[in-house]
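# Structural features, examined
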Amino acid sequence: MTAQGGTAARPSVRSTPTRPSTDPIEKLRRYRAARRAGLVAIGLIVLLGIGNLLGPRTSTAAVSDEGVELAVTYTRVTRSGLATPWSVQVRSSAGFSRPITLTTSARYFERFDFNQWYPEPASTSMRGDLLVLTFEPPEGDVLRVDFDGRASPTFGLGSATTTALESPGMPPLSVEYRTVVMP
């Protein structure tokens, strides 16, 4: 009741129509086709993920001459923050009697969150844009160098580089490769 003795006013209710919209059938078909295309795209991404086709990929670039082989195993495709393997293997059928010098673009390694070299280089220096790593001769006929690092968030889309063997008494060998960082 109101102060004047009447009944309270009812709140206004807006009615919502329940009949289908009057959009043209062509427009409705386009909407349906767009929804289907979106579902197919999402399904494709899920299937690629299940098949591990979107994850990190490694490759090996190798060259040999005069009984000496240089092989670089690198991450071809990775994502920011993931461990990104990189290793070099130098094999000489005659073994090693002198230090082994490897060069790689310093810019390539600047794009990683660096942890450690295995084994540690005997010396590290810069020559222009090249990182120069010198290792003591290993026992046997294989030197394997591993890099422990993660692709940094500032890596960008990709980075191409060359790794070279520049040791006296060995043929000059070099390999080129590229690492791409997916978003």
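These lines cover the structure that appears in this document, whether it is placed above or below. Every value quoted in this text rests on a predicted model; they were computed, and no experiment measured them. (Residues numbered from 1 in each chain as written. Predicted model: local features only at pLDDT ≥ 70, side-chain atom pairs only at ≥ 80, totals over all residues. Heavy atoms only, no water.)

Counted as a void, the largest pocket has a volume near 170 Å³. Considering the residues around the largest pocket, the lining is formed by 15 residues, among which Gly95, Ser97, Pro168, Gly169 and Met170 are closest to the centre. The residue inventory of the lining of the largest pocket, partitioned by class, reads 8 nonpolar, 5 polar and 2 charged. (1 Å grid on protein atoms, 1.4 Å probe; cavity = no way out; pocket = protein on both sides within 12 Å on 5 of 7 lines; lining within 4 Å. Points joined across faces, edges and corners; volume = space filled by probe spheres on them. Nonpolar A, V, L, I, M, F, W, Y, C, P; charged D, E, K, R; others polar.)

In this structure, Thr75 sits in strand S2 (residues 68-79). The exposure class of Thr75 is buried, given its relative accessible area of 1%. Within the structure, the side chain of Thr75 is placed 3.0 Å from the backbone oxygen of Pro85, a separation counted as a polar contact. (Helix = DSSP H or I, 4+ residues; strand = E, 2+ residues; numbered from the N terminus. Buried < 20%, exposed > 50% of the residue type's maximum accessible area, 1.4 Å probe, protein only. Polar contact = N/O pair within 3.5 Å; in protein donor to acceptor, adjacent residues only side chain to side chain.)

On to the pairing of strand S9 (residues 158-165), then. Most of S9 sits out of view: 6 of its 8 residues are buried. Taken together, the 3 bridges between strand S4 (residues 100-105) and S9 define a ladder with antiparallel strand orientation. What sits directly across from Thr104, in S9, is Thr163. Pairing geometry for S9 and strand S10 (residues 173-182), over 8 bridges, is antiparallel. Bridge assignment links Ser159 to a residue of S10, and that residue is Thr179. (Pairing = 2+ DSSP bridges.)

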